[in-house]
Amino acid sequence: NAGVTQTPKFQVLKTGQSMTLQCAQDMNHNSMYWYRQDPGMGLRLIYYSASEGTTDKGEVPNGYNVSRLNKREFSLRLESAAPSQTSVYFCASSEGGATNEKLFFGSGTQLSVL
Amino acid sequence: KNQVEQSPQSLIILEGKNCTLQCNYTVSPFSNLRWYKQDTGRGPVSLTIMTFSENTKSNGRYTATLDADTKQSSLHITASQLSDSASYICVVSAKRGNNRLAFGKGNQVVVIP
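Residues numbered from 1 in each chain as written. Chains lettered and ligands numbered in written order. Predicted model: local features only at pLDDT ≥ 70, side-chain atom pairs only at ≥ 80, totals over all residues. Heavy atoms only, no water.

(A) Seen up close, the layout of surface pockets. Its boundaries defined by the atoms lining it, the largest pocket holds a volume of some 740 Å³. Taken together, 29 residues form the lining of the largest pocket, with A:Gln37, A:Pro39, B:Gln38, B:Ser87 and B:Gln108 sitting closest to its centre. Broken down by secondary-structure element, the contributors of at least two residues to the lining of the largest pocket are strand 9 (87-94) and strand 11 (109-113) of chain A together with strand 1 (4-7), strand 9 (86-94) and strand 11 (107-112) of chain B. For the lining of the largest pocket, the per-class residue count stands at 7 nonpolar, 16 polar and 6 charged. (1 Å grid on protein atoms, 1.4 Å probe; cavity = no way out; pocket = protein on both sides within 12 Å on 5 of 7 lines; lining within 4 Å. Points joined across faces, edges and corners; volume = space filled by probe spheres on them. Helix = DSSP H or I, 4+ residues; strand = E, 2+ residues; numbered from the N terminus. Nonpolar A, V, L, I, M, F, W, Y, C, P; charged D, E, K, R; others polar.)

(B) Region of the structure containing the sheet that holds strand 3 (residues 19-25) of chain B. Residue and element names in this part refer to chain B. What the 5 strands build is an open sheet, ordered 1-3-8-7-6; its pairing is antiparallel. Looking along the sheet, the strands with just one partner apiece sit at the ends: strand 1 and strand 6 (56-59). Neighbour-to-neighbour, the strand axes of this sheet turn through a mean angle of 15°, independent of strand direction. In the sheet, strand 7 (residues 62-67) pairs with strand 8 (residues 72-77) via 6 bridges, with the strands oriented antiparallel. Bridge pairing links Thr-63 to His-76 in strand 8. (Pairing = 2+ DSSP bridges. Axes fitted to C-alpha atoms, helices over the stretch in contact; angles between N-to-C directions.)

(C) Representation of the packing of aromatic side chains. Summed over the entire model, instances satisfying the criterion amount to 9 aromatic pairs over all chains. Geometrically, the ring pair formed by A:Tyr33 and A:Tyr35 is tilted, given 6.3 Å between the ring centres and 35° between the ring planes. Exposure remark for A:Tyr35: the relative accessible area of 1% places this residue in the buried category. By the ring-pair criterion, three or more aromatic residues cluster together here, those being A:Tyr33, A:Tyr35, A:Tyr48, A:Phe90, A:Phe105, B:Tyr36 and B:Phe103. The cationic tip of B:Arg61 hangs over the ring face of B:Tyr62; the distance from NZ or CZ to the ring centre is 5.7 Å. (Phe/Tyr/Trp six-rings, centres within 6.5 Å; stacked < 30°, edge-to-face > 60°. Buried < 20%, exposed > 50% of the residue type's maximum accessible area, 1.4 Å probe, protein only. Lys NZ or Arg CZ within 6 Å of the ring centre and 35° of its normal.)

(D) View of the state of the cysteines. Going through the model one piece at a time under the given rule, you end up with 2 disulfides over all chains. Here A:Cys23 connects covalently by a disulfide to A:Cys91, the sulfurs 1.9 Å from one another. Judged by the sign of its S-S torsion, about -75°, the cystine formed by A:Cys23 and A:Cys91 is left-handed. Of the two residues, A:Cys23 is situated in strand 3 (residues 19-25) and A:Cys91 in strand 9; the sequence distance between them amounts to 68 residues. Per residue, the accessibility class of A:Cys23 equals that of A:Cys91, and both read buried. Two residues, B:Cys23 and B:Cys90, share a disulfide whose sulfurs are 2.0 Å apart. What sets the handedness of the B:Cys23 and B:Cys90 disulfide is the S-S torsion sign, and at about -70° it is left-handed. Residue B:Cys23 is located in strand 3, and its partner B:Cys90 is located in strand 9; the two are separated by 67 residues in the primary sequence. Of the two residues, B:Cys23 and B:Cys90, neither departs from the other in class, the shared state being buried. (Disulfide = S-S within 2.5 Å.)

(E) Molecular detail of the nonpolar core. The biggest cluster of nonpolar side chains holds 27 residues, and the ones touching the most others in it are B:Tyr25, B:Leu33, B:Trp35 and B:Tyr88. Listing elements by their share of this core, those giving two or more residues are strand 2 (10-14), strand 3, strand 4 (30-38), strand 5 (45-51), strand 7, strand 8, strand 9 and strand 11 of chain B. Among the elements that make up this core, the one with the highest residue count is strand 9 of chain B (5 residues). If sequence neighbours within four positions are ignored, B:Tyr25 has contacts with B:Gln3, B:Val4, B:Phe30, B:Leu33, B:Leu66, B:Asp67, B:Ala68, B:Lys71, B:Gln72 and B:Val92. One finds A:Leu21, A:Cys23, A:Trp34 and A:Leu76 within the second-largest nonpolar core, a separate group that totals 19 residues. (Core = buried A, V, L, I, M, F, W, Y, C linked by side-chain atoms within 4.5 Å. Contact = heavy atoms within 4.5 Å.)

Shown next as C-alpha cells:
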C-alpha cells in the first residue's frame, strides 16, 4: 500500500530554473495539498485541491503553480526558483476537507535553490 | 503570532522513561486537535484526532489529552522506546471549512539507551 508518493526526493536548482514536483495518491482521496516545512516553523499550506478539477491558494502561494491532473495526481511547479524556496515540500491527501479529515503525507522532497 | 505553541522545544529522555509534551492553542472556533509523529526525513504520520467532546484518546503507548476550556493538549509517551525519537507536531483545526490547519513547530524528542 503505497499511500502518497512524491518525486523526486531530492533536488538542487539554480536560481531562475524551473521544475515540477510530482505527487500521486492511491487511496481514492478527493482532497490533495502541498505544504512546505522550514526550520523553526510549522508546516505552511501552499496550495490545495478540494476535488478533481479545483485548486485554491493556501497561505504561501507566491512563486508556485499547481495542477490537479486527475483524482490521483497533484503537481507543484516552480516557474523561476528563488533561494527563498529552499525547503522541504510535502504532498498530502485526505478523503474530505482537511478541517475534519486525517491527512496522509508523502515522504517529502528536499529542495535546495542556489 | 503562531496560533499553536508547543513545549518543550526539545527534550532527551532515557529509554523506558515516560514523557509529556504540551500544546497550547488560540485557534477559534475550535473543531479538532491532532497529534502527528514525524520521523527524520519522513512525512508526518497521524497519532490521534480529538474533537471538542473528547478528553483523552490513546494510540498504543501514546495518550493525548484535551482541555478545550483552557485550550491545552498534552501527549504522553509511556515506556519510551528508541523508535519514539521523532518530532511530535500539534495541529489544530478551526470550524472555517477552508482547509487551513494551524501547525505547531513540533516537540523534538530524543530517546537514548
